[in-house]
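Notes for the structure review
So you can see what is in the structure, the chains are spelled out below.
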Amino acid sequence: MSRGGEDPDWASYTLGVFICLNCSGIHRNIPQISRVKSVRLDPWDDVQIEYMSCLGNKVAQGKYESKVPPFYYRPTSSDCQVLREQWIRAKYERKEFTFIEKQEPYSAGYREGLLWKRGRDNGQFLSRKFVLSEREGALKYFNKNDAKEPKAVMRIEYLNATFQPPKIGNPNGLQMTYLKDNSTRNIFVYHDDGKEIVDWFNAIRAARFHYLQVAYPGAGDLELVPKLTRNFLKEGFMEKTGPKHTEGFKKRWFTLDDRRLMYFKDPLDAFARGEVFIGSTENNYHVEEGLPSSTQGNHWQYGITIVTPVRKFLFACETDMDRAEWIAAFRRVLSKPMLPQEYAVEAHFKHKP
């Protein structure tokens with residue numbers, strides 16, 4: 001069962017676990033392993049009731065999750081279908097967390113394979129070779145299988161991965177981001193096989209985990225795991241104007257990735273048109289509802305002003321609910337004290353041309 005799920009009104013009477021409605025559909029797809037019944041609506045015989053009472057989720061967790069690597073992503077009920085399905089199959093069908101040797105596809109420190117990658121300019125997905133090497137500290141991709149030089153080198157230190165099926169238009173769509181010249185670069189990929197793309201995701205997390213263990217030798221797993229990969233805090237369309245506030249507002253796709261607010265002409269652009277650093281309230285950053293009274297040119301009426309030590313950034317949302325969600329996301333970032341390394345990032349933003 002995924003974390004954070006609704007009340008488990010369903011059960012696998014062959015595995016002895018209680019599950020939510022969403023997970024019950026996945027369990028039905030592996031009938032050779034799991035047989036599902038409604039707790040309230042289906043008839044139960046005495047043998048099945050006795051079996052469920054002897055097992056239950058805690059006992060099953062001890063059996064099927066005894067060797068989950070700390071870096072392996074445990075999906076929540078809000079995660080996409082492929083992550084939840086592969087977690088269930090990994091546990092019960094492939095028994096990856098019972099036998100450590102079954103974890104090699106993502107724990108070996110090296111992974112090579114083909115992924116469908118979206119072209120930066122033409123938008124077509126083409127097969128590209130990807131190589132992840134912990135020893136080299138990088139994920140590379142090659143435009144041709146026999147190419148000697150990679151098209152791009154993504155340092156594990158700056159690499160992030162997040163599943164984005166709706167945006168990419170594929171149920172197994174993965175967005176990878178990395179820093180190039182201190183600007184964010186997006187790469188969009190997918191694989192036809194759900195296990196393959198989830199193995200890539202967890203291989204990236206494993207490589208990041210081992211890198212962070214070296215970078216922060218005194219840190220424990222609980223401190224490192226949240227740093228492995230991160231979902232974006234908020235994404236969506238807003239309007240923006242330029243630094244002089246005299247230009248017309250233009251509709252752009254915005255992504256809030258920790259303290260970086262990036263904007264793109266299209267959600268699948270490889271490079272951001274611009275980035276805004278969001279510091280903390282104690283460092284004179286704050287967000288205001290509304291726009292200055294002199295503002296003109298916005299088509300959407302629900303304004304947001306972000307005040308930084310350098311300038312004000314003006315945005316407009318289509319609905320009041322959109323604005324409330326963006327302001328809540330900004331305030332979550334603003335309320336966190338800045339880390340020492342974030343001051344270096346802030347300095348770069350202040351000195352950008």
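Computed from a prediction, not measured in an experiment: that's the story for all the values here.

The rules behind each value
- Residues numbered from 1 in each chain as written.
- Predicted model: local features only at pLDDT ≥ 70, side-chain atom pairs only at ≥ 80, totals over all residues.
- Heavy atoms only, no water.
- Polar contact = N/O pair within 3.5 Å; in protein donor to acceptor, adjacent residues only side chain to side chain.
- Helix = DSSP H or I, 4+ residues; strand = E, 2+ residues; numbered from the N terminus.
- Pairing = 2+ DSSP bridges.
- Axes fitted to C-alpha atoms, helices over the stretch in contact; angles between N-to-C directions.
- Contact = heavy atoms within 4.5 Å.
- Phe/Tyr/Trp six-rings, centres within 6.5 Å; stacked < 30°, edge-to-face > 60°.
- Buried < 20%, exposed > 50% of the residue type's maximum accessible area, 1.4 Å probe, protein only.
- Lys NZ or Arg CZ within 6 Å of the ring centre and 35° of its normal.
- Parallel < 35°, antiparallel > 145°, perpendicular 65-115°, else oblique.
- Nonpolar A, V, L, I, M, F, W, Y, C, P; charged D, E, K, R; others polar.
- UniProt positions renumbered as here; feature names shortened; annotations may be inferred.

Some words on helix α2 (residues 46-54)
Helical geometry: 3.6 residues make up each α-helical turn, so side chains three or four residues apart lie on a common side. Where α2 begins, the capping side chain belongs to Asp-45, and its oxygen is found 3.1 Å from the backbone nitrogen of Val-47. Backbone geometry just after α2 places Gly-56 at a positive phi near 85 degrees.

Brief notes about the sheet that holds strand β1 (residues 10-12)
Strand pairs in the sheet, formed through backbone hydrogen bonds, run parallel or antiparallel to each other. Strand order in the open sheet made by the three strands is β2-β1-β3, with antiparallel pairing throughout. Looking at strand neighbours, the two that pair on one side only are β2 (17-19) and β3 (36-38), the edges of this open sheet. Taking the axes of each pair of neighbouring strands and ignoring which way they run, one obtains an average angle of 30 degrees across the sheet. When β1 meets β3, the two strands line up antiparallel, connected through three bridges. For Trp-10, the partnering residue across the bridge sits in β3 and is Ser-38. Packed on one face of the sheet, helix α1 (residues 21-28) meets β1, β2 and β3 and runs near 120 degrees to β2.

Details of the packing of aromatic side chains
Applying the stated criterion across every chain, the model contains 21 aromatic pairs. Ring centres of Phe-130 and Trp-200 lie 6.4 Å apart, and the angle between their planes is 70 degrees; this geometry places the pair in the edge-to-face category. Taken together, the residues span a long stretch of sequence, with Phe-130 in strand β5 (residues 125-133) and Trp-200 in helix α7 (residues 194-215) at a distance of 70 residues. Here the two residues Phe-130 and Trp-200 agree in accessibility, since each one is buried. When the centroid spacing of 5.2 Å and the interplanar angle of 70 degrees are considered together, the rings of Phe-163 and Phe-201 count as edge-to-face. Here Phe-201 lies in helix α7 and Phe-163 lies in strand β8 (residues 160-163), a separation of 38 residues in the sequence. Accessibility expressed as a relative area gives 4% for Phe-201, which makes it buried. One aromatic cluster is present, built from ring pairs that chain together Phe-71, Tyr-72, Trp-87, Phe-97, Tyr-106 and Phe-209. We note Lys-129 situated over the ring of Phe-142; from NZ or CZ to the ring centre the distance is 4.8 Å.

Some thoughts on the packing of helix α4 (residues 81-93) against α7
Where α4 contacts α7, the axes come no closer than 10 Å and their chain directions differ by 90 degrees. Here α4 is positioned roughly perpendicular relative to α7, judged by the angle of their axes. Along its contact with α4, which presents Val-82, Leu-83 and Gln-86, the element α7 presents Gly-194, Lys-195, Ile-197, Val-198 and Phe-201. The residue inventory of the contact of α4 with α7, partitioned by class, reads five nonpolar, two polar and one charged.

Considering the sheet that holds strand β12 (residues 250-257)
Strand order in the open sheet formed by seven strands is β14-β13-β12-β11-β17-β16-β15, with antiparallel pairing between adjacent strands. Looking at which strands have only one partner, the edges of the open sheet turn out to be β14 (274-277) and β15 (286-289). The mean inter-strand angle of the sheet, taken between neighbouring strand axes irrespective of direction, is 35 degrees. Pairing analysis gives two bridges linking strand β11 (residues 234-240) to strand β17 (residues 312-317), with the strands arranged antiparallel. In the strand pairing of β17, Glu-239 is matched with Ala-316.

Focus on the UniProt feature "domain: PH" (unreviewed entry) in the protein
The UniProt feature table records "domain: PH" (unreviewed entry) at residues 108-209 and 231-335. Between the first and last C-alpha atoms of residues 108-209 the distance is 13 Å; the span itself is 20% helix and 45% strand. Taken end to end, residues 231-335 is 14% helix and 38% strand, and its first and last C-alpha atoms sit 19 Å apart.

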